[in-house]
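Next come the chains, spelled out residue by residue.
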Amino acid sequence: MPHTLLSLNVSRAREVAINGQPVMTGIFKRPVDGAVAVRPLGLEGDEQADLSVHGGLTKAVYAYPVEHYPFWQTVRAQAKVAEWDAPLPCGALGENLTLSGLVESQVYIGDLLRFPGCELAVSEPRFPCFKFNAAMGFNQAVKLMARNAWCGFYLAVRVPGRLQAGESFELVPGPREVGIQELFRAKMNRVKL
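Residues numbered from 1 in each chain as written. Predicted model: local features only at pLDDT ≥ 70, side-chain atom pairs only at ≥ 80, totals over all residues. Heavy atoms only, no water.

1. What about the pattern of salt bridges?
Moving on, step 1. Applying the stated criterion across every chain, the model contains five salt bridges.
Moving on, step 2. When the shortest N-O distance is used, the salt bridge between arginine 176 and aspartate 111 registers 2.9 Å. Taken together, the residues arginine 176 in the loop between β13 (170-172) and α4 (180-188) and aspartate 111 in the loop between β8 (97-100) and β9 (112-114) connect sequence positions 65 residues apart.
Moving on, step 3. Accessibility expressed as a relative area gives 33% for arginine 176, which makes it partly exposed.
Moving on, step 4. A salt bridge links glutamate 119 to arginine 114; its shortest N-O distance comes to 2.8 Å.
Moving on, step 5. Using a relative accessible area of 36% as the deciding quantity, one classes arginine 114 as partly exposed. (Salt bridge = Lys/Arg side-chain N within 4 Å of Asp/Glu carboxyl O. Helix = DSSP H or I, 4+ residues; strand = E, 2+ residues; numbered from the N terminus. Buried < 20%, exposed > 50% of the residue type's maximum accessible area, 1.4 Å probe, protein only.)

Spelled out as structure tokens, the structure:
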């Protein structure tokens with residue numbers, strides 16, 4: 001299956017109410033048209049609110065597989081926060097890159113995603129926080145992500161440039177020593193959910 005960037009998603013950090021408390025977040029990403037500049041600290045037009053856990057040189061860009069979207073649509077409907085046939089828009093899981101053809105079980109720390117206009121290096125899995133529950137609309141979302149290890153992965157910008165939705169990319173294997181799901185499960189097994 002070819003690897004494709006289906007959607008390129010950004011958002012500015014903004015204040016929202018979560019459990020009645022004001023919280024700054026950049027999780028509510030929306031698709032953008034056209035080419036977007038990719039810089040060492042991320043995509044043009046994108047912000048992260050809490051730089052202690054998101055963003056920076058090693059977590060500049062967050063990618064998530066579209067293959068998991070049907071699952072999230074179903075559990076959101078089961079939780080009665082969405083209709084059964086309501087599509088989940090790209091970026092809904094807080095990702096900058098909605099990818100097709102590449103899931104976590106195929107990805108290792110150090111792998112490269114080579115796009116026509118830039119190169120990104122896999123750095124670590126995404127570890128969800130309470131803001132993910134808010135984005136999904138129900139309080140069990142973090143537990144479901146942990147149970148399935150469908151976490152997506154962070155990318156460091158190896159070669160800055162530009163990205164555009166619809167582009168194909170090549171997965172260039174790195175050392176293949178530590179898998180994304182392996183690292184995610186190891187950390188999540190130590191966390192009380």
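Having seen the model, we can carry on.
2. A closer look at the sheet that holds β13
Moving on, step 1. Strand order in the open sheet formed by eight strands is β4-β1-β8-β7-β11-β10-β9-β13, and the pairing between neighbours is mixed. Both edges of this open sheet fall to β4 (30-31) and β13, since each of them pairs with a single strand only.
Moving on, step 2. By the bridge criterion, two bridges tie strand β1 (residues 4-10) to β4 in an arrangement that is antiparallel. By the bridge assignment, asparagine 9 is partnered in β4 with proline 31. (Pairing = 2+ DSSP bridges.)

Coordinates in, geometry out; function isn't part of it.
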